[in-house]
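Remarks on the overall topology
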Amino acid sequence: MKIKDIKFFIGPVSKNIMDTIIDFSTKENIQLGVIPSRRQIDYDGGYVNNWNTKKFFNFLKNENNKNLIIERDHGGIAQGRYYDNGTLSLYTDAKYFDIIHIDPWYHYKNDFQRALDETVDNIRFVNKISPFCQFEIGTEETIYHFDDNMLDYMLNYLIYKLGEELFSKIVYCVIQCGTSLKNTTNTGKFDVERLKNMLNVCEKYGVLSKEHNGDYLKPDELKIRFDAGLSAINIAPEFGVYETDLILEYMTKEQEEQFFNICYNSKKWNKWTDEYFDPFENKKELIRICGHYQFSNPDFINMNIDIDIDKIIKRKLYNKLSKLYEI
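Below is a summary of the structure that appears in this document. (Residues numbered from 1 in each chain as written. Predicted model: local features only at pLDDT ≥ 70, side-chain atom pairs only at ≥ 80, totals over all residues. Heavy atoms only, no water.)

For the rest of this paragraph, the subject is the overall build of the protein chain. In terms of regular secondary structure, the protein chain is built from 13 helices and ten strands. Expressed as lengths along the three principal axes of its C-alpha atoms, the size of the protein chain is roughly 60 × 45 × 40 Å. Residues counted as buried form 56% of the 327 residues belonging to the protein chain. Taking the intrachain contacts of the protein chain between residues at least 6 apart in sequence as the baseline, contacts between residues at least 24 apart amount to 73%. As presented, the protein chain carries roughly 15100 Å² of accessible surface, and 46% of it is formed by carbon and sulfur atoms. Charge centroids of the protein chain, computed over 42 positive and 50 negative side chains, lie 4 Å from each other. (Helix = DSSP H or I, 4+ residues; strand = E, 2+ residues; numbered from the N terminus. Buried < 20%, exposed > 50% of the residue type's maximum accessible area, 1.4 Å probe, protein only. Contact = heavy atoms within 4.5 Å. Areas by Shrake-Rupley, 256 points an atom, 1.4 Å probe, with all protein chains shown as cover. Lys, Arg positive; Asp, Glu negative; His and termini not counted. Charge placed at Lys NZ, Arg CZ, Asp CG, Glu CD.)

Right under this line is the structure:
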C-alpha cells in the first residue's frame, strides 16, 4: 500500500462506521485511513464499541482488509480520557498501529520548545518498540497555532535531533489553513495562501501534508485543498453527527427526550459548545453534537428503535463515502 495515495482518514466513531469503512474499502478497492483518538479507543478502553486498542486491532485483523491504514490520532501526553503521560498508550500503539500521531501540543501549549523535545522523545520511544511504526507530527489550529516559519523550524529541529534515518519515518505533518470546528459546523476562515506556504515547507522536507478538521466542508472546499497539493485530510465527528441524524429520524418524541437526557448527563457536549449555548433551548442540537459518544451506552442500546436502523445507517454511510471520492 502506498500511503501517499490515501486521501481521507476517517474517525471510527461507531461500530457502524467501522463496518462501512471496511465494506467500502473492500468493494471499491480504495485505500482509507482510520484514526481513533485516545478517547475513542485506547489501551484501557474507550467510548467506541467498548474496544481497547488490542480488541480494535484484532477486529480489523479478522476482516483481513489490506486497504486500511490504522493511525493513532492525537497520541501522547494528556490526550486520553484522564490525564497521564501517554507512555502506556504509546507503548501499546507501537505494537498495533501503522502510524502514530505524536501530539504533545495540548499539554505544552505554552512551551513550544518543550513540545518539540517531547515529540523527539516520543518518536525515539516508539521506534525502540517498533522500528516499523511511522509518524505524524504537529497539531491542529484549535490546539496550537502554527505559521509556516514555525513549521519550518519544527521540521528542521526534528531532522537535527532525530537524524535522517529516524526522521524519514515521519510521513505526515499537520498543516493549518484557518479551519476549526464548533458545534456541528466548520468555523474559522480558510486561507489558501497560508495553505500553500505550509505545503511548500512540507515539500522542502519531503513529508506528506495532512489537514485536520475536514468535517462539514463542501465538495468544492475539499477540492481546492487537493488541487493546491494537500496530501490528505481527517474527517471524524461529521460521520458521528450524520449517524446521529439518521437515528433521530426514526425515534419517537419520547425516545428523543430520553436520548437528550443521556447526552446531557454525559456532559460530552461541553467540549464543542461555548458559554452562550443553552442545552434546554437546543435539545436536538445537543444530541447531534454528542450523540455518537453514547452509542455503546447500555441506556441508549436498550431504547430499542423499531426498525433495522443499522442497515439503513450503513447504506447511507456507504453513499457518503462514495461522494467523498467523487471529488
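The next thing to look at is the sheet that holds strand β3 (residues 68-75). Pairing in this closed barrel of eight strands is parallel, and the strands run β1-β2-β3-β4-β5-β6-β9-β10 around the ring. With strand direction ignored, the average angle separating the axes of adjacent strands in the sheet is 30°. Inspection of the sheet shows strand β9 (residues 208-211) paired to strand β10 (residues 232-235) by two bridges, in the parallel sense. Residue pairing across strands places K210 opposite A232, the latter belonging to β10. Across the face of the sheet, helix α4 (residues 112-129) comes into contact with β4 (99-102), β5 (134-137) and β6 (170-175) while running at roughly 165° to β5. (Pairing = 2+ DSSP bridges. Axes fitted to C-alpha atoms, helices over the stretch in contact; angles between N-to-C directions.)

For any two aromatic rings, the description comes down to two numbers: the centre-to-centre distance and the angle of the planes. For the structure shown, the criterion picks out 24 aromatic pairs. Where W105 meets F112, the ring centres are 5.4 Å apart and the plane angle is 45°; that geometry is what we call tilted. On the basis of relative accessibility, which here comes to 17%, the residue F112 falls in the buried class. Seen from their ring centres, Y264 and W269 are 5.7 Å apart, and the 15° between their planes marks the pair as stacked. On the basis of relative accessibility, which here comes to 25%, the residue Y264 falls in the partly exposed class. We classify W269 as buried; its relative accessible area is 10%. In textbook terms, an aromatic cluster arises when at least three aromatic residues are bridged by ring pairs, as seen for W105, F112, Y144, F146, Y153 and Y157. The ring of Y172 carries the charged tip of K210 above its face, separated from the ring centre by 5.2 Å. Directly above the ring of F239 sits K320, whose terminal nitrogen or CZ lies 5.7 Å from the centroid. (Phe/Tyr/Trp six-rings, centres within 6.5 Å; stacked < 30°, edge-to-face > 60°. Lys NZ or Arg CZ within 6 Å of the ring centre and 35° of its normal.)

Remark: helix α9 (residues 237-249) packs on helix α13 (residues 309-324), axes separated minimally by 10 Å, with the N-to-C direction vectors making an angle of 140°. With respect to each other, α9 and α13 are oriented oblique. The two elements α9 and α13 meet at a crossing, and its hand is right-handed. Here E238, F239, Y242, E243, L246 and I247 of α9 come into contact with α13, specifically with I309, I313, K316, L317, K320, L321 and L324. Residues that form the contact of α9 with α13 fall into these classes: nine nonpolar, no polar and four charged. (Parallel < 35°, antiparallel > 145°, perpendicular 65-115°, else oblique. Left-handed = near helix turned anticlockwise from the far one by under 90°. Nonpolar A, V, L, I, M, F, W, Y, C, P; charged D, E, K, R; others polar.)

Let's shift gears to the state of the cysteines. One pass over the structure, following the stated rule, counts zero disulfides. With no disulfide of its own, C133 lies 17 Å from the sulfur of C173, the closest cysteine sulfur. Residue C133 is classed as buried on the basis of its relative accessible area of 1%. The thiol of C202 is not disulfide-bonded; the next cysteine sulfur, from C173, is found 4.3 Å away. By relative accessible area, C202 is classed as buried at 1%. (Disulfide = S-S within 2.5 Å.)

Along its 15 residues, helix α5 (residues 148-162) runs 21 Å from first to last C-alpha, staying within 8% of the 21 Å computed at 1.5 Å per residue. Contacts made by the buried residues of α5 are with α4, β5, α6 (164-167), β6 and α7 (192-205). Within two residues after α5, G163 carries a phi angle of roughly 85°, on the positive side. (Expected span 1.5 Å × (residues − 1).)

Another aspect to go through is helix α8 (residues 219-228). The α-helix advances 3.6 residues per turn, and as a result positions three or four apart in sequence lie on the same side. Every buried residue belonging to α8 is among L222, R225 and F226, and all of these are buried. Viewed end-on, α8 has its buried residues packed into an arc of 95°, placing them on one side of the element. Turned more than 90 degrees off the buried face of α8, the exposed positions are D220 and D227. Backbone geometry just downstream of α8 places G229 in the positive-phi region, at approximately 120°. (Arc of directions from axis to C-beta.)

Right, let's get into the side chain of T273. Inspection of the secondary structure assignment puts T273 in the loop between α10 (253-266) and α11 (283-290). Polar side-chain contacts of T273 include one of 3.2 Å to the backbone oxygen of W269. Beyond its immediate stretch of four places on either side in the chain, T273 contacts K182, N183 and I289. (Polar contact = N/O pair within 3.5 Å; in protein donor to acceptor, adjacent residues only side chain to side chain.)

Right, let's get into unusual backbone geometry. Even without a glycine there, the phi angle at N213 is positive, about 55°. Looking at the element boundaries, N213 is found in the loop between β9 and α8. N213 sits in the buried class, given a relative accessible area of 10%.

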